[in-house]
Each structure stands twice: as structure tokens, then as C-alpha cells.
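# Structural overview
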Amino acid sequence: MSPSTSLEQLATFKAQNPRASQEFLDKASPLLKDLKNTKVNDDVWPVIEQLAMAALDVGRLDIAKTAWKALADRIGQESPRVILLQGLIMEASEPLDLALRYYEAEAQKHSHNPAFWKRQVAVLRQMGKVEEATNELKSLLDTFYSDLEGWLELADLYSSCCHYSLAQQALSHALLLAPQNSFTFLQFAETAFTAGDMPLALKNFLIVIDMNDSDVPAPQDQSPTGISVRAWWGVKLCARRLLYPPAGGVNDSASKTAIPKNLKMIDQLATERVLTAYSGERGIHNRDVVSRWMSKE
Amino acid sequence: MSSATSLYLDPSIRDWVLFPISLVMILVGVLRHYVLLLLQNKPKPQTRPQIREQRALTRSQLLRATAAQSPIAPPFYLTISQNLKQAFTDGVYLKDGPPAPKKVTKGGAESDEPEFPQPPSLFSDPSQMDNMMGQFKTQTVVMIPQMVIMGWVNFFFSGFVAIKLPFPLTLGFKPMMQRGISTPDMDTRWVSSLSWYFLNFFGLNGVYRLLLGNEDTGVDMQQMTGMPNMAAATPAVPQDYNKLFKQEKENLEFDEGFYKWIGEDVEDRVLRKYGKLPSV
């Protein structure tokens, strides 16, 4: 295989972003040996950086360090990406508070680059200091508002502490930043469901379905797949809770979202769609369970 | 046209005038490139409050961008919108922090109006001064060698006819081609040494780019022409964020009127799509 095609192939890992670190490591580590003897073209360096991260992911510290050394020799130790890589190696090999102090110092130096600050938050979370991590992340997002990953992480942090309404707020910022992502809507709907805000959850599940079907000409003839199945389940759960409120429970919506008028029809449609999803070859085994659950009102 | 044919150029003029001028100019250009690289100080990284101030507007812009088809439910939208409006009014995002309320004015009357920082002026900010010093240094490095070369050409080679162009030109080019020679009947194809200097001065940019690679040579056309154009030399005027925030606040109020949640009638849309409701 020629070097350029293999580089191209390795670059697809970055584009598609699968977590196939071992595979990447096997394919990319020969590159590391070639670095010294031949004159390599500059496209190889991002791959080497990626290789170091993949090596860290599978615990091959030796490869990561060699890759870091090569990068530091070629690009210089001043490059933020090289510094960040060193921090990652430190996280893997040294005690976490050392890495934390390292990131803090670098974040002070590179105040325009949020990468170190983000790692600082990540290390704080690894150390179990959720409150500090949340506070740091909040001030990070106050400065770098448009950091989508940061908002999703904040929502996750809040959810992990059962602060569901705060998680919803963080997710609503994420939705503003990426309104095209139906997975964020799904997460929002599920968070609202967990928080007990049924009407809001129902609406958001329906938005997910609406978004996913937007390019399907006749959605009723097809069996829902992927994220839609989950969304239909969500619709069904919400509709059932709204139609038959559990004894003693109240269906009040914290967000004052109105309950849809055609709730019965939505419930029927959701039942239909979920059963369709379990009618294909792959779902047929579970169909009994599903239909039993459906008939048990 | 008899004068044109009867004129012969000594080859040593070519060797000792034409080539040296071009060579010296190219070498000085290359040297200047490296001196400029040395002089260029890296822009200071912005501090966090500065970044925060700069990016505060994106928050409301993002919110407003989707207002007509907003992905978030009314309570969330209104909370964000109102918080932003309040923050813009109070100047929370200003890099020096919200202004302290003024206690007592001169007349002894109490005023609730907090004092906002004055709009920044070009000369008050020390970092802006640094910028202007940098600009000035660059200008100097570009200008001084050019003046020295021009003086050198003028002193040693004034009145030299350096080259004959291989194509005819109209009389209009005479002042451009024969600077420093005042012979009214000479053909325009003859180029004087001083004009050759100017031709090089304007035309060598492409050669530098070839020699030094396509990177930013630090010598753009503006500087090549040597005219210190004040409009281009002026660094970006610092923004008065306080004023921008006040404007943005009004935009936010305006867009609250346009706000519509996409979830508002989503159940009807889905039902219609699945044929449960008659389509409109």
C-alpha cells in the first residue's frame, strides 16, 4: 500500500469518528518507524497525533510517548496540541492532581484556547469532584458560549446529580447551538420525562419523530427504525401517563406546556407504530412482550 | 525615428547598471522579509474577560437566529431572553465587569444611573498603542531601504538609459519610462535607470512570492507602493461593546414577538403525516 493511500484511509477514522483505537493502532503504528529514515510529508503529523490518542485509549503508553516525542521534535513543544497531548499522557501515567495542576497552568497561559480548560473540567470529573467540575464548566461556557460539547457535558453532569431542570436548561442551550440534531431533542425529551414534565417530554418526542420523518414521503408504510423507535416508545409512555395518571400522581407541567387535544389519537398512533417496529424479522421475537405490555392499560 | 536606430547601448551598462539595480532590489526585498518576520511580535492572547465580552453577542444572535422556529419551549426561551436583556442592561458581560452605581452626583442629587465606561478611544488603550507602534515599525522597515536605493540609483546612474523595451509604446508612457532624462524626441521604448528602479519597485511582488513561498510576506501591495495610507494603517477601531449590547437588547425584545416554538403544533403535523388527521 502506498503511503498516501494509507494516510487517506487513516484520515477516515478522524472523519467518521468510530472508537476503534486498537484497529487504528495496528494500522498506524508502522508509520512511527518510518518517521526517522525517510522524508515524510506533512500529512502524517495529524495521524501521529491521533495515533498517540488511540494508544492512550488502549493503554499503550510506550507508543503514545514515542509519538509524542516525534511530534515534539518536529512541531515543537510550544504547540498547544503537543502540550495537550503531553497532558493526556500525564493523565494516563501520573496522579490526577498533577495533571490537573498542569492543565490549570496551561489554561492560564493559553486563555484563548478552551482545550486545556475543558481537560481541566474532565480531570475534575474523573477525580469525583463533580461540584468543582460543574462550576469550572459553567464559567467556561460563560466565556466560550458556542461550545456544544461543553453544554452536553454540563447537562450530563447535572443529570448525574439528579438536577433535571438544570440539565434541561443546559440542553436547551445545546439545542440552540445545534437545532438540527435530533439526538439532542431526544435527550431533552428523556430528561423532561425523568423530571416528570410529561407534556413537554411528549412534545419533544414528537419533534424527534417529525424531524426524522421529514424526508420520508410516506412514513406510515414504513417500519420505524433507529432513534424513531425510541421516540415512539417515549410518545407512548408519555401519552399513557397523561391519559391514565398514576394514582396520587399529578400531571402538572413545570414548563406549563399544554396537553395536546388529540391525545387519544396520538396514543393510538404510538401503539401502532411501536407494534410495527416489532413486526419485522428482527423484532418479531419481542413482539409478544410488547403487545402484552400494550394491552395492559 | 532615426534617433531610435542610431542609439546603441554599451553592454557594460547592462552588466553594471541594469542587473545590479534589479539584483539589489530583489536582495533587499528578501532581507526585508526576514527583518519583518523578526519584528512581528506575536499578538498577545486575549484574556478570558475579553473573549467573554467579544462573544457575548453570539449568545443573543444564536437565540434570535432560530426565534421564528425555535427549538426550545417558551419558558426556556423567555428565561434566556430575559436574562440576556438584563445582563446587557447591567453590563454584566463588559470586560471590566458591571459598572458600580454612582452614589452621589455633584449637585448632591442621587442618581441611579450607573456610570458606564467611556467608549474606548484609539489612543487610550495601551494594547492599541502597541499595535500602532508595530505598524509604524513595519512602515519604516519598508520605506527606509527603498529611499536608500532610490538615492543610490539617483546619485550614480541618473541620466542613464538602461534598457530598450522589445515593444513599442505610445507617448503617454514617456514620463513613466524616461524619468530623469529630458530628451523630448527619444523613443518611448528606451527606459531610464530611475524608471527601471520604479518598474522593479512595483513589479517585484510576484518575484518575492516565488522566492519566499506563498506565505504572508509581510509586504502587501499597500506597503509596496510605499504610500502610508492612513485608512489601511489604522488598526481596527475598538468596539464600544456597551453600545452594541444596548442595541442587541432591543433586537431581543423585537424577536420575542416573532418567537414560535416548533413543538407548538407538532402533534397535528405528525398525525397529519400519518394520515390520522385530514391534511390542510
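Predicted model only: the values in this text are computed from it and were never measured.

Scanning chain A from N- to C-terminus turns up 15 helices and 0 strands. Taking 19 Å as the expected radius of gyration for a compact globule of 297 residues, we find that chain A reaches 24 Å, considerably beyond that expectation. For the C-alpha atoms alone, the extent of chain A along its principal axes is close to 70 × 45 × 30 Å. Sorting the 297 residues of chain A into buried and exposed places 38% on the buried side. Relative to all contacts within chain A whose residues are 6 or more apart in sequence, the contacts with residues 24 or more apart total 50%.

The helix and strand tally for chain B stands at 12 helices and 2 strands. If you list the helices and strands of chain B from N to C, you get α-α-α-α-α-β-α-β-α-α-α-α-α-α. Going through the 280 residues of chain B one by one, you find that 19% of them count as buried. Across chain B, every contact between residues at least 6 apart in sequence was considered, and the portion connecting residues at least 24 apart equals 71%.

Before going further, it helps to examine the interface of chain A and chain B. Contacts between chain A and chain B engage 32 residues on the former and 28 residues on the latter. Secondary-structure elements contributing two or more residues to the side of chain A that touches chain B are α8 (130-143), α10 (164-177), α12 (198-212) and α14 (263-277) of chain A. In terms of residue count, α12 of chain A provides more of the side of chain A that touches chain B than any other element does, 7 residues in total. Each residue belonging to the side of chain A that touches chain B can be placed in one class, and the counts come to 15 nonpolar, 12 polar and 5 charged.

Residues and elements named next belong to chain B. With numbering matched to this structure, UniProt assigns "transmembrane region" (unreviewed entry) to residues 16-39, 141-163 and 194-212. Each end of residues 141-163 is marked by a C-alpha atom, and these two atoms are 30 Å apart; helix forms 74% of the span and strand 13%. Split by type, residues 194-212 is 95% helix and 0% strand. Its first and last C-alpha atoms lie 26 Å apart.

Attention now moves to the nonpolar core. Residue and element names in this part refer to chain A. Counting 93 residues, the largest nonpolar core has Phe205 and Val235 as the members making the most contacts within it. The greatest single-element share of this core, amounting to 10 residues, is contributed by α12. Aside from chain neighbours lying at most four places away, what touches Val235 is Leu202, Phe205, Leu206, Ile266 and Ala270.

Over its 17 residues, helix α4 (residues 74-90) of chain B extends 24 Å from the first C-alpha to the last, a length consistent with the 24 Å expected when each residue adds 1.5 Å. Contacts made by the buried residues of α4 of chain B are with α10 of chain A together with α3 (48-65) and α11 (241-256) of chain B. Trailing α4 of chain B by a residue or two, Gly91 of chain B shows a phi angle of about 75 degrees, which is positive.

Right, let's talk about the environment of Phe76 of chain B for a bit. One can find Phe76 of chain B in helix α4. In this structure the C-alpha to C-alpha distance between Phe76 of chain B and Ala162 of chain B, which are 86 residues apart in sequence, comes to 77 Å. If we ignore the near neighbours within four places in the chain, the residues touching Phe76 of chain B are Gln169 and Ser172 of chain A.

Time to look at the packing of helix α7 (residues 114-126) of chain A against α8 of chain A. Residues and elements named next belong to chain A. Packing of α7 against α8 brings their axes to within 8 Å, and their N-to-C directions diverge by 160 degrees. What the angle tells us is that α7 and α8 run roughly antiparallel. Crossing of α7 over α8 shows left-handed handedness. In contact with Pro114, Trp117, Lys118, Gln120, Val121, Leu124 and Arg125 of α7, α8 contributes Val130, Glu132, Ala133, Glu136, Leu137 and Leu140. In the contact of α7 with α8, the residues fall into 8 nonpolar, 1 polar and 4 charged.

Looking now at the packing of α8 of chain A against helix α9 (residues 148-160) of chain A. All names here are of chain A. It is at 10 Å that the axes of α8 and α9 come closest, and there the two elements cross at 150 degrees. The angle between α8 and α9 places the two elements in the roughly antiparallel class. Note on packing geometry: the crossing formed by α8 with α9 is left-handed. Together, Val130, Ala133, Thr134, Leu137, Lys138, Leu140 and Leu141 of α8 and Gly150, Trp151, Glu153, Leu154, Leu157 and Ser160 of α9 make up the contact between the two elements. Taken together, the residues that form the contact of α8 with α9 break down as 8 nonpolar, 3 polar and 2 charged.

Another aspect to go through is the environment of Ala11 of chain A. Residue and element names in this part refer to chain A. Assignment of secondary structure puts Ala11 in helix α1 (residues 3-16). Residue classification places Ala11 among the partly exposed positions, given that 14 C-beta atoms sit within 10 Å. As a C-alpha pair, Ala11 and Lys27 span 16 residues in sequence and 11 Å in three-dimensional space.

Residue and element names in this part refer to chain B. Averaged over all residues, the pLDDT of chain B equals 78, while 78% of them reach at least 70. The weakest mean pLDDT in chain B belongs to helix α10 (residues 230-233) at 41; the strongest belongs to α4 at 90. Scored below 50 in pLDDT, residues 103-112 shows 4 contacts in the model against residues more than four places distant or in partner chains. In the predicted structure, residues 220-235 sits below a pLDDT of 50 and forms 17 contacts with residues beyond four places in sequence or in another chain. Across the predicted assembly, pTM comes out at 0.74 and ipTM at 0.80.

Turning our eyes to something else, we now look at the confidence of the model for chain A. For chain A, per-residue confidence averages 85 on the pLDDT scale, and 95% of positions sit at 70 or higher. At the level of individual helices and strands, chain A shows its lowest average pLDDT in α1 of chain A, which scores 75, and its highest in α9 of chain A, which scores 93.

Here the focus is helix α11 (residues 182-195) of chain A. All names here are of chain A. Between its first and last C-alpha atoms α11 spans 20 Å; for 14 residues at 1.5 Å apiece the expected length is 20 Å, and the two agree. Taking burial as the measure, the 14 residues of α11 include 10 buried ones, the bulk of the element. Those residues of α11 not exposed but buried are Thr184, Phe185, Leu186, Gln187, Phe188, Ala189, Thr191, Ala192, Phe193 and Ala195. The inward-facing, buried residues of α11 abut α9, α10, α12 and α13 (227-243). Phi for Gly196, located one or two positions after α11, is positive at around 90 degrees.

What counts as what
- Residues numbered from 1 in each chain as written.
- Chains lettered and ligands numbered in written order.
- Predicted model: local features only at pLDDT ≥ 70, side-chain atom pairs only at ≥ 80, totals over all residues.
- Helix = DSSP H or I, 4+ residues; strand = E, 2+ residues; numbered from the N terminus.
- Rg over C-alpha atoms; globule rule 2.2 N^0.38 Å.
- Buried ≥ 20, exposed ≤ 12 C-beta atoms within 10 Å, placed from the backbone.
- Contact = placed C-beta atoms within 7 Å.
- Nonpolar A, V, L, I, M, F, W, Y, C, P; charged D, E, K, R; others polar.
- UniProt positions renumbered as here; feature names shortened; annotations may be inferred.
- Core = buried A, V, L, I, M, F, W, Y, C linked by C-beta atoms within 7 Å.
- Expected span 1.5 Å × (residues − 1).
- Axes fitted to C-alpha atoms, helices over the stretch in contact; angles between N-to-C directions.
- Parallel < 35°, antiparallel > 145°, perpendicular 65-115°, else oblique.
- Left-handed = near helix turned anticlockwise from the far one by under 90°.
- pLDDT = per-residue confidence, 0-100.

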